[in-house]
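One-letter residues, chain by chain:
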Amino acid sequence: MTLSREQVRHVAFLARLGLAEGEEDFYAQQLSGILAHIDRLQQLDTEDIPPTAQVVEVINPLRDDVPEPGLSQAEALAGAPAQQDGYFLVKAIQEAEP
Amino acid sequence: MRRRETTPSELVERQLADIEARDGEVHAYLRLTPKLARAQAAAADERYARGEPLGPLDGIPIAIKDVLCVDGVEVTAGSKILAGFHPPYDATAIARLRAAGSVFLGMTNCDEFAMGSSTENSGYFPTRNPWGLDRVPGGSSGGSAAAVAAGLAVLGLGTDTGGSIRQPAALCGVVGMKPTYCRVSRYGLIAFASSLDQIGPFARSVTDAAQVMQVMSGRDPRDATSAEQPVDMLSSLEAGVEGLRIGVAREYSEVEGIEDGVRARVDAALLELESAGAELVDVALPHTDYGLAAYYIVAPAEASSNLARFDGIKYGASDATAGTLAETYLRTRRHGFGPEVRRRIMLGTYALSSGYYDAYYLKAQKVRTLVARDFADAFRDCDAIVSATSPTVAFELGAKTGDPLAMYLCDVLTLGGNLAGLPGLSLPCGDSQGLPVGLQVLAPQWREDVALRVARAYEMASGFTAQVAPA
């Protein structure tokens, strides 16, 4: 499997990774090389093999539903690049209408 | 310290002076915490003066990989995107070491977000191998391994997702242990691949590593996956290998790219274990090659999800110079992440994306089952599997940075243990071309005691213990 420049652009957008000029070709070539190695997985017949997501027999452990102290609002916001009135401050989600 | 021959404060001053003298060429530390270390040492001084030390780790200096949250200390995962981040709490492993009296020297260099095998992917600078400054220390926990190898810390902490403790331990000639998945709480660990990550120690002896394991392990209500299993790393440490069956897998001993010098040292180590009373048996790990391919889908897929949180809003670096929120994400993540992290995020996103999920991610999860079954079958015939940790000794800086796949192949002997959730360690077994060779011991889940016991028996039989690399 090789990755085209368009696919790299699409995947980078899905991951919200900005790409610099020329990086689409660079990553298309490198990722295609890695995928060529990974494609050996297709040689194995895994029709009847169940998938493994994790390897220990711990299933949905829950703690008691009792409130415990957590971070204060000030502590949670302490690392924020921008904040206002006790909230994380972000840019507008939508573009202004033209 | 118990004999009052030295004090924690004397020890920490000596370590800080050694770091001052030598870390300018090794570059093991990203940042030091001398104020914290001196305060912790002073408190330990008082406990020893009263004759009431907290335990074997009281007053012992430790170097911490820059992926573990330490309350109020800058922690960046070796990445520019977290520059300036000061976590408001301790990781559980850190809290337990703090409570045991450990002295925190500082945060050590690593590959960015623990992605790499040479520490060259650090967003800051590469670390050098104390045994040869033109060589890499391995990775991703290369800073902690190099610090312990150079005598710039007594103990170190690392994390191991595909070999990131064991491989640098091998390349730097120290002991490094990856616990069973879920053995050590991951609360406060900056996540890379959550179904694979584990925190573990570096040390210059097997016994020291076991002591750190004993303190860090066990159930933590803050990590829902942490295990209830009883923790006993120490009581069978000196039991020897008499009567134990040591598995040897041809897929590991004849792995592609293994150096003759490495093989010779590992073969000699196996013979020493046999002389010490172990029985050597052949086992098969037929899906070894496929495991590497499966790992490089599973780990990037999990990483692509885990690293979505670094968006320039909640903490760390932010580039909000342009118009919309979407632009903030794109710019922050374009400038904040280095090339290997970007590569893995894209690979993982691709493997999870519509139309490719079945062919890649689901397929890789099924192959993971086959790898885990290989080990389960092998452990029916043996108590531990012994092999080389890394196919090669430490390579030169820059040798693999242009070829990601060549770098990934460094992990071929270690990542199976992560896919199957096994405990494993690496310990020194001599040298080749003047550089350390590491011996890997893998054991069944929850049997750290067996891995430690085999390693301790080898240490005793061979007379090898990790040495401080001469300056």
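The structure presented is a predicted model; accordingly, all values stated were derived computationally and were not measured.

This paragraph deals with the sheet that holds strand β2 (residues 61-65) of chain B. All names here are of chain B. If you trace the eleven strands from one edge of the open sheet to the other, you get β1-β3-β2-β4-β6-β5-β10-β11-β9-β7-β8, paired in mixed fashion. Since the sheet does not close on itself, it has two edges, and those belong to β1 (29-32) and β8 (279-283), each with one partner. Neighbour-to-neighbour, the strand axes of this sheet turn through a mean angle of 30 degrees, independent of strand direction. When β1 meets strand β3 (residues 103-108), the two strands line up antiparallel, connected through three bridges.

Residue and element names in this part refer to chain B. In contact at an axis separation of 9 Å, helix α6 (residues 206-216) and helix α15 (residues 448-462) are set at 160 degrees when each is read in the N-to-C sense. It follows that α6 is roughly antiparallel to α15 by the angle criterion. For the pair α6 and α15, the sense of crossing is left-handed. Counted together, Val206, Thr207, Ala210 and Met213 of α6 and Glu448, Leu452, Ala455, Arg456 and Glu459 of α15 form the full contact between these two elements.

Let us look at the nonpolar core. Core analysis: the largest hydrophobic core is formed by 171 residues, its most contacted members being Ile62, Leu68, Val175, Met346 and Ala384 of chain B. Ranked by the residues each element gives to this core, the list is headed by helix α9 (residues 288-306) of chain B, at eleven residues. Not counting chain neighbours up to four residues away, the residues in contact with Met346 of chain B comprise Val8, Val11, Ala12, Ala15, Leu17, Tyr27 and Leu31 of chain A.

Turning to the interface of chain B and chain A, a few remarks are in order. In this assembly, 56 residues from chain B lie in contact with 45 residues from chain A. Counting residues per element, the ones that place at least two in the side of chain B that touches chain A are α9, α10 (325-336), α11 (339-352), α12 (357-381) and α13 (404-408) of chain B. Top contributing element to the side of chain B that touches chain A by residue count: α12 of chain B, with ten residues. For the side of chain B that touches chain A, the per-class residue count stands at 30 nonpolar, 16 polar and ten charged.

How each quantity is defined
Residues numbered from 1 in each chain as written. Chains lettered and ligands numbered in written order. Predicted model: local features only at pLDDT ≥ 70, side-chain atom pairs only at ≥ 80, totals over all residues. Pairing = 2+ DSSP bridges. Helix = DSSP H or I, 4+ residues; strand = E, 2+ residues; numbered from the N terminus. Axes fitted to C-alpha atoms, helices over the stretch in contact; angles between N-to-C directions. Parallel < 35°, antiparallel > 145°, perpendicular 65-115°, else oblique. Left-handed = near helix turned anticlockwise from the far one by under 90°. Contact = placed C-beta atoms within 7 Å. Core = buried A, V, L, I, M, F, W, Y, C linked by C-beta atoms within 7 Å. Buried ≥ 20, exposed ≤ 12 C-beta atoms within 10 Å, placed from the backbone. Nonpolar A, V, L, I, M, F, W, Y, C, P; charged D, E, K, R; others polar.

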